[in-house]
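Chain by chain, the residues run as shown.
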Amino acid sequence: MTKKAELTNKRAIPRQGTSAVAFEAAPPAQDDPLLGFTPVPHSRPRRNSITPELQREFIAHLAATGIVSSAARHIGKSLEALYKLRARPGAESFRAAWDAAIDRGVSRLEATALTRAITGEERMVVSSGRVLGTETRHNEALVMFFLRGRLPQRYGSQALRPGHPAYEALKAELRAQLREEWEQERYEERHSEENRAANLQFFTDLRERWKKEWELERRKLGEQT
C-alpha cells in the first residue's frame, strides 16, 4: 500500500490553510510506482531535450502540487514542449503517469475541501466598516455535495426531497441563516441611514450658525461706520 503523502501548509497565515491550493504534498519517494513509468525516448537528444530525469522530476512535482504550469516551471521547460512530448509516439507510459499525478492532485483537493466542510472557515464579522471579530462559518452547499457523493442512497437527488428529515433540517438551517443575514443587512442599512441623517443635520446646523454669526458681524460693522 502506498503511504499517503502528508500535506504542508504554504500560507503565511495558518488559518488560510483551508484553501484548496494552500497545501503542497511531499514529492513521491524514488521507489513510488508513479515514477516507474517508461520515459519518452529521444532518438537524437539535444541540449534542450526533456530527458528521462527531467520527465520523472516533472511527474514528481506534478503529483506534489497538482498544477501542470508549476511542474513545468520547476524543471525549466515550457508547457508547449511538455504537451508536445506528451503527444509523441512512445509517450503512452509518460501520459499515464501524468494523468495519475493529476489524480493525486484531485485527491488533495478533495481532502482539503472535506476538511473545510467539516471544520468550517474563519471569517471576519464586519459592521458599519468596523471589524467586530471572527466567527466560524460552514458552507452548507459543500457539505451537501460530499453527503450526496458519499451517501447517494440517503442524500441523493431521489432521497433528498420535501418531507425527508435531512431536507427539512437543511431547509430550516438555511432559512435561519438567510434570516440572520437579512437582519444583519437591515441593521447595517438602518444605521447607515441614521448616520447620513445625523451628518446632514450637523452640516445644516453648522451652516445656520455661520449665517447667524455673519449677520451679527455685519451689524457690528454697520454700527461702527
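Computed from a prediction, not measured in an experiment: that's the story for all the values here. (Residues numbered from 1 in each chain as written. Predicted model: local features only at pLDDT ≥ 70, side-chain atom pairs only at ≥ 80, totals over all residues. Heavy atoms only, no water.)

Of regular secondary structure, the protein possesses 7 helices and 4 strands. Going residue by residue from the N terminus, the α and β elements of the protein occur as β-β-α-α-α-α-β-β-α-α-α. In the protein, which comprises 225 residues, the proportion classed as buried is 25%. Taking contacts inside the protein between residues at least 6 apart in sequence as the whole, the part at least 24 apart equals 49%. Element-wise, carbon and sulfur atoms account for 54% of the exposed surface of the protein, whose accessible area totals about 16400 Å². (Helix = DSSP H or I, 4+ residues; strand = E, 2+ residues; numbered from the N terminus. Buried < 20%, exposed > 50% of the residue type's maximum accessible area, 1.4 Å probe, protein only. Contact = heavy atoms within 4.5 Å. Areas by Shrake-Rupley, 256 points an atom, 1.4 Å probe, with all protein chains shown as cover.)

With that out of the way, let us pick up the packing of helix α3 (residues 79-87) against helix α4 (residues 92-119). Two elements in contact, α3 and α4, have axes whose closest approach is 8 Å; the angle formed by their N-to-C orientations is 125°. As summarised for this structure, α3 and α4 are arranged oblique, according to the angle between their axes. Residue-level contacts link L82, Y83, L85, R86 and A87 of α3 to F94, R95, W98 and D99 of α4. Per-class residue counts for the contact of α3 with α4 are 6 nonpolar, no polar and 3 charged. (Axes fitted to C-alpha atoms, helices over the stretch in contact; angles between N-to-C directions. Parallel < 35°, antiparallel > 145°, perpendicular 65-115°, else oblique. Nonpolar A, V, L, I, M, F, W, Y, C, P; charged D, E, K, R; others polar.)

Looking at helix α2 (residues 68-75), one finds that the buried residues are V68, S70, A71, A72 and I75. Where α2 is buried, its residues touch α1 (52-65), α3 and α4. Where α2 ends, the next residue or the one after it, G76, has phi of about 75°, a positive value.

Let us now look at the nonpolar core. Taken as a class, soluble globular proteins show a tendency for nonpolar side chains to be buried jointly. If you look at the biggest cluster of nonpolar residues, it comprises 22 residues, and the most contacted ones within it are F58, I59, L62, L82, F94 and W98. Of all the elements in the fold, those that place two or more residues in this core are α1, α2, α3 and α4. Per-element accounting of this core gives the leading share, 6 residues, to α1. The contacts of F58, once residues within four sequence positions are left out, are V68, A71, A72, I75, L82, F94 and W98. (Core = buried A, V, L, I, M, F, W, Y, C linked by side-chain atoms within 4.5 Å.)

Mean pLDDT over the protein stands at 78; residues scoring 70 or higher make up 78%. Between the elements of the protein, mean pLDDT differs from a low of 47, seen in strand β1 (residues 7-9), to a high of 95, seen in α3. Low pLDDT, under 50, characterises residues 1-22; the predicted model gives this stretch 42 contacts beyond four residues in sequence or across chains. (pLDDT = per-residue confidence, 0-100.)

Applying the stated rule across the entire model yields 4 salt bridges. The partner of D32 in a salt bridge is R104, and the shortest N-O contact between them spans 2.9 Å. Placement of D32 in the loop between β2 (23-25) and α1 and of R104 in helix α4 is noted, with a sequence separation of 72 residues between them. According to the relative accessible area criterion, D32 is buried, its value standing at 9%. (Salt bridge = Lys/Arg side-chain N within 4 Å of Asp/Glu carboxyl O.)

A separate point is the pairing of strand β4 (residues 130-137). Buried residues are scarce in β4, accounting for 0 of its 8 residues. Bridge count for strand β3 (residues 121-127) against β4 is 7 bridges, and the pairing is antiparallel. In the sheet register, V125 faces β4, and the bridge partner there is G133. Linking β3 to β4, which pair antiparallel, is a turn of 2 residues; within it S128 sits at a positive phi near 55°. (Pairing = 2+ DSSP bridges.)

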